[in-house]
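Summary of structural features
As a plain string of letters, each chain reads:
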Number of protein chains: 2
Amino acid sequence: MKNNILILILFSVFVINAQTADEKQLKSIYNASLVKGQGYDWLNYLSNQIGGRLSGSIQAQKAVEYTKKELDSLGLDRVWLQPVMVPKWVRGTPEFAYFETSPGETTNIPICALGGSVATPQKGVKANIIEVKGIEDLKALGRKNIEGKIVFYNRPMEPTLISTFHSYSGCVDQRYSGAEEAGKYGAVGVIVRSVNLRLDDFPHTGSMSYGETPVANRVPAAAISTNGAELLSTTLKLNPDIKFYFKQNCKQYKDVESFNVIGEIKGTTYPNEIMIVGGHLDSWDLGDGSHDDGAGVVQSMEVLRLLKETGYKPKRTIRVVLFMNEENGLRGGNKYAEVAKSKKENHVFALESDAGGFTPRGFSFDCSDANFKQVESWKKLFEPYLIHMFVRGGSGADVGPLKNENIVLAGLRPDSQRYFDHHHAENDTFEHVNKRELQLGAATMASLVYLFDTYGVKLPPKIKG
Amino acid sequence: MKNNILILILFSVFVINAQTADEKQLKSIYNASLVKGQGYDWLNYLSNQIGGRLSGSIQAQKAVEYTKKELDSLGLDRVWLQPVMVPKWVRGTPEFAYFETSPGETTNIPICALGGSVATPQKGVKANIIEVKGIEDLKALGRKNIEGKIVFYNRPMEPTLISTFHSYSGCVDQRYSGAEEAGKYGAVGVIVRSVNLRLDDFPHTGSMSYGETPVANRVPAAAISTNGAELLSTTLKLNPDIKFYFKQNCKQYKDVESFNVIGEIKGTTYPNEIMIVGGHLDSWDLGDGSHDDGAGVVQSMEVLRLLKETGYKPKRTIRVVLFMNEENGLRGGNKYAEVAKSKKENHVFALESDAGGFTPRGFSFDCSDANFKQVESWKKLFEPYLIHMFVRGGSGADVGPLKNENIVLAGLRPDSQRYFDHHHAENDTFEHVNKRELQLGAATMASLVYLFDTYGVKLPPKIKG
């Protein structure tokens, strides 16, 4: 009994000391980030000197060069570019749309082509509209009601969900597969209500797919603003015969070469255990991609800088990976995982920031029970920074391809209320990112990386062969 | 033993049912707020049709009339105006300031008079500057270094604190008492670095006091923007002899009559137990007072509307109180408490929202241990709405005068990172309030009111006489 008590006391002392060292390290990371964080300046450059960085564009190439140069200046052990072929889709001249209540009586509607859409014929598309609340409505309507018309997908985001990402998931199929499905019933075009909770005048682009549809059968698809969608829907109720016109001359080119940008600090003790933090360097072209995902890019770069700045020497190899082409192809994420596999690299942890530069609230984890239990034991360490949300679920699109049973995948979860106001739209711009919120996110990521590096990832019990 | 188990089962069933009813009621409140909240439209009117509502101004009077009219339309049991005399301070023509590196070589600096300051002489004040990091520096410098000069208080907000309100507390004495103290050493004017964490070009006003200083000895005081303060400080290091000029013609008038606006739903079971929710109707004059405290006003009105909308009949009397003159006098808060006392009204709970319309994170409580314990037992109910922060500490300035040992005072605690970017400045405007964040705050307040109404406030044990 006495021995047990002694062990208990010794253990407690050890735990208390360990705790204190962790508390100190987190404090030092947060202080460094809040007092002399560099992420906001990097983001300023990416957003205001480079701008929107669609895959295959000159801006995307400039972003590769700029972030490579900045990583070079951090004194990491290695910085390199990983080549990857990416799709090149170009919007062309600004899109234009109106509806016509009677010949010559037109009302303009803010519109933008969806990424990957085909162009309209040069003179545009003009047709009657059939409004639906989702793809599932098409079957009931049938070809007789759809053929020759423009299908208008108008299911709004569900406002009662607290995570706006859940509302997004409930709507985005209209944007992604709406044209493929409507084309099967003879639609001549597709317009989609922007996936945005707010009523405003910004159309929000985003990726779409024609699936296996032959090129000749692809119908042009575009997003209209939420205010535009409301107006159109109301007008249709009064007069179902109105016509909608839109014109876009976007174009898909051949794939071009681009790069993931990678930097690493070699681990002192377990150099072969690799932990990565990342965001995606490409963005849509309408705004400057500050929240999606300039924020994630600079926060990921900042993680390595903060670890160095606070004098922390990681036991494991820590990499920042700035992925190319998350938005319309995920080629960078796939390439990174493919190369990692071919080199038999052992990735134990991957954290992505791709949900905006807003006040961080926590993380979501895609990992084993044992690792999630470990994460929960760290909750107290994060409480002083108001980080409280440790949930299971998705991580990030770019790190997803690394998934296997040994790795911990994680995603930073910032406050989500404002995210879709800006997502993929003209107003995803630098002035909507708050410096402190961005810095708190970077510190939160660096703290989690520190903890996983310090305590390691729990491996699943080996199955006896 | 069997009986005990039976009781335990019955009790569990009861607890589970009770829990479920609470969960349902909260869900119904949040849904009502997110789907058809009215607060954002009210705020739009207050901000864009009325604007900044400084005590004693026409705008403040319009705000009284507008909110009274809106409360009248909600079908409450009673709506009334409570007269209160308020100070009337008027800014006059826009202030103007520059520093002069050599005669004729001037650089303009964004400036605004502090609320309550005296005017400069008509031709302005021009003098050398002595920069200090706080009131405590004055003593060491002494009259010989201060007399005839303008004292420049330049202690910035501490960036490493996670709650920006704590950083604010660490700086605001310079603004509030800086002129009173500097005047004692013969200063001819005072300029204060705006109490804002961000570097920008907005001067932030706010209240100040001359204490017991006779009118003849009062020196004019103003705030300059954070960028202005940085520039001035840097320039002073290069050239300590530069002169600073500023001119303002603000004026204090005699007190005028204004009103607290009050509405109530009579309690069904304990009508004499009064619970209040409130915010302050007055604001500073530079912006439109959307965050400070238009948000708190409309959220408080919304609490009563949401309870009615969800069909909840409160057992206790629930009042919304829109206080006048929080910013430069607290006359409304004091008057309300004075009247409550004189009428021997039994106030058991008071909740204020005066920290901006940002995503709600929790509440702070000024209450007994027993009541705080009760609040903590409700934490689980709030988790689905990401409300996680239940702390002890301040509540709100307006409800403070109600404090006694029986009452629970509470303050809504929204995310604080952006608050001081807008506080008391020209950019405290409607477009910086997000509709969903505002609605979530109102629902969070209504949920707490519902819980305290349902379970009551714990009274302290009676001391035997």
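A quick note: this is a predicted structure, and the numbers were derived from the prediction, not measured.

Some points on the overall build of chain A
When helices and strands are counted, chain A shows 13 helices and 16 strands. Radius of gyration (C-alpha) of chain A: 24 Å, near the 23 Å computed for a compact globule of 465 residues. Taken along the three principal axes of its C-alpha coordinates, chain A extends 90 × 50 × 45 Å. Counting all 465 residues of chain A, 58% fall into the buried class.

Re the relation of the copies chain A and chain B
Note on the chain copies: they are related by a rotation about an axis and a translation along it. Overlay of chain A on chain B (RMSD 0.0 Å): rotation 180°, translation along the axis 0.0 Å. Such values leave the two copies arranged in the relation of a two-fold axis. Residue His388(A) of chain A places its C-alpha closer to the rotation axis than any other residue of that unit, at 3.6 Å. Mapped onto chain B, 100% of the interface residues of chain A are again interface residues, and the two copies thus contact each other with one and the same surface.

Comments concerning unusual backbone geometry
Excluding glycine, most residues fall at negative phi; most peptide bonds, likewise, are trans. Of note, the amide linkage connecting Asp292(A) to Asp293(A) takes the cis form, showing an omega dihedral of 5°. Relative to the elements of secondary structure, Asp293(A) occurs in helix H8 (residues 290-309). The backbone phi angle of Leu386(B) is positive, close to 60°, even though this residue is not glycine. Note on placement: Leu386(B) falls in the loop between helix H11 (379-382) and strand E15 (389-392). Unusually for a residue other than glycine, His424(B) sits at a positive phi of about 65°. Structurally, His424(B) is set in the loop between helix H12 (419-422) and helix H13 (435-455).

Focus on the packing of aromatic side chains
Taken as a whole and judged by the stated rule, the model has 48 aromatic pairs over all chains. Centroid distance Phe365(A) to Phe390(A): 6.3 Å. Interplanar angle 5°. Geometry classified as stacked. Of this pair, Phe365(A) sits in strand E14 (residues 360-366) while Phe390(A) sits in strand E15 (residues 389-392), and the two are 25 residues apart along the sequence. With a relative accessible area of 7%, Phe390(A) lands in the buried category. Here a set of aromatic residues connected by ring pairs shows up, and it is made of Phe165(A), Tyr168(A), Phe358(A), Tyr419(A) and Phe420(A). Positioned over the ring face of Tyr253(A) is Lys88(A), at 5.9 Å from the centre of the ring. Cation over ring: Arg78(B) sits above Trp80(B), and NZ or CZ is 3.6 Å from the ring centre.

So, the domain arrangement of chain A
All names here are of chain A. Each assigned domain of chain A is listed with its residue range as follows: domain 1 (25-89 + 254-455) and domain 2 (92-249). Summarising the inter-unit geometry, the C-alpha centres of domain 1 and domain 2 are found 33 Å apart. Each side of the interface is counted separately: domain 1 has 18 residues, and domain 2 has 23 residues. A combined buried area of about 1,600 Å² lies between domain 1 and domain 2, and 63% of that area is made up of carbon and sulfur atoms.

Digging into a positive patch on the surface
Taken together, the side chains of Lys379(A), Lys380(A), Lys379(B) and Lys380(B) define a basic patch exposed on the protein surface. Topologically, Lys380(A) is positioned in helix H11 (residues 379-382).

As for helix H10 (residues 369-377) of chain A
Residues and elements named next belong to chain A. Among the residues of H10, those classed as buried are Asn371, Phe372, Gln374 and Val375. One side of H10 carries all its buried residues, which in axial view fall inside an arc of 155°. Across from the buried face of H10, at angles greater than 90 degrees, the exposed residues are Asp369, Lys373 and Ser377.

With respect to the interface of chain A and chain B
Often the size quoted for an interface is simply the accessible area lost on bringing the parts together. Contacts between the two partners involve 28 residues from chain A and, on the opposite side, 28 residues from chain B. The contact between chain A and chain B buries some 2,600 Å² in all, and 53% of this surface belongs to carbon and sulfur atoms. It is Ile162(A), Arg418(A) and Arg436(A) in chain A that bury the most area against chain B; as a group they hold 28% of the surface buried on that side. Taken together, chain A and chain B are joined by two salt bridges. Here Glu437(B) and Arg418(A) are joined by a salt bridge, their closest N and O atoms 2.8 Å apart. Taken together, the connections running from chain A to chain B amount to 14 residue pairs in polar contact (both at pLDDT 80 or more). Secondary structure elements with two or more residues in the side of chain A that touches chain B: helix H1 (2-36), E14 and helix H13 (435-455) of chain A. No other element matches H1(A), which puts four residues into the side of chain A that touches chain B. Across the side of chain A that touches chain B, the residue classes break down as 13 nonpolar, eight polar and seven charged.

A few points about the UniProt feature "domain: Peptidase M28" (unreviewed entry) in chain A
Per the UniProt annotation, the sites labelled "domain: Peptidase M28" (unreviewed entry) are residues 260-448 of chain A. Between the end C-alpha atoms of residues 260-448 of chain A there is a gap of 23 Å, over a span that is 33% helix and 26% strand.

About the cut-offs
Residues numbered from 1 in each chain as written. Chains lettered and ligands numbered in written order. Predicted model: local features only at pLDDT ≥ 70, side-chain atom pairs only at ≥ 80, totals over all residues. Heavy atoms only, no water. Helix = DSSP H or I, 4+ residues; strand = E, 2+ residues; numbered from the N terminus. Rg over C-alpha atoms; globule rule 2.2 N^0.38 Å. Buried < 20%, exposed > 50% of the residue type's maximum accessible area, 1.4 Å probe, protein only. Least-squares fit on C-alpha atoms with pLDDT ≥ 70 in both. Contact = heavy atoms within 4.5 Å. Phe/Tyr/Trp six-rings, centres within 6.5 Å; stacked < 30°, edge-to-face > 60°. Lys NZ or Arg CZ within 6 Å of the ring centre and 35° of its normal. Domains from an automatic or database assignment. Buried area = accessible area lost by both parts, 1.4 Å probe. Patch = residues over 30% accessible without salt bridge, like charges linked within 9 Å, V, L, I, M, F, W, Y side chains within 5 Å. Areas by Shrake-Rupley, 256 points an atom, 1.4 Å probe, with all protein chains shown as cover. Salt bridge = Lys/Arg side-chain N within 4 Å of Asp/Glu carboxyl O. Lys, Arg positive; Asp, Glu negative; His and termini not counted. Charge placed at Lys NZ, Arg CZ, Asp CG, Glu CD. Arc of directions from axis to C-beta. Polar contact = N/O pair within 3.5 Å; in protein donor to acceptor, adjacent residues only side chain to side chain. Nonpolar A, V, L, I, M, F, W, Y, C, P; charged D, E, K, R; others polar. UniProt positions renumbered as here; feature names shortened; annotations may be inferred.

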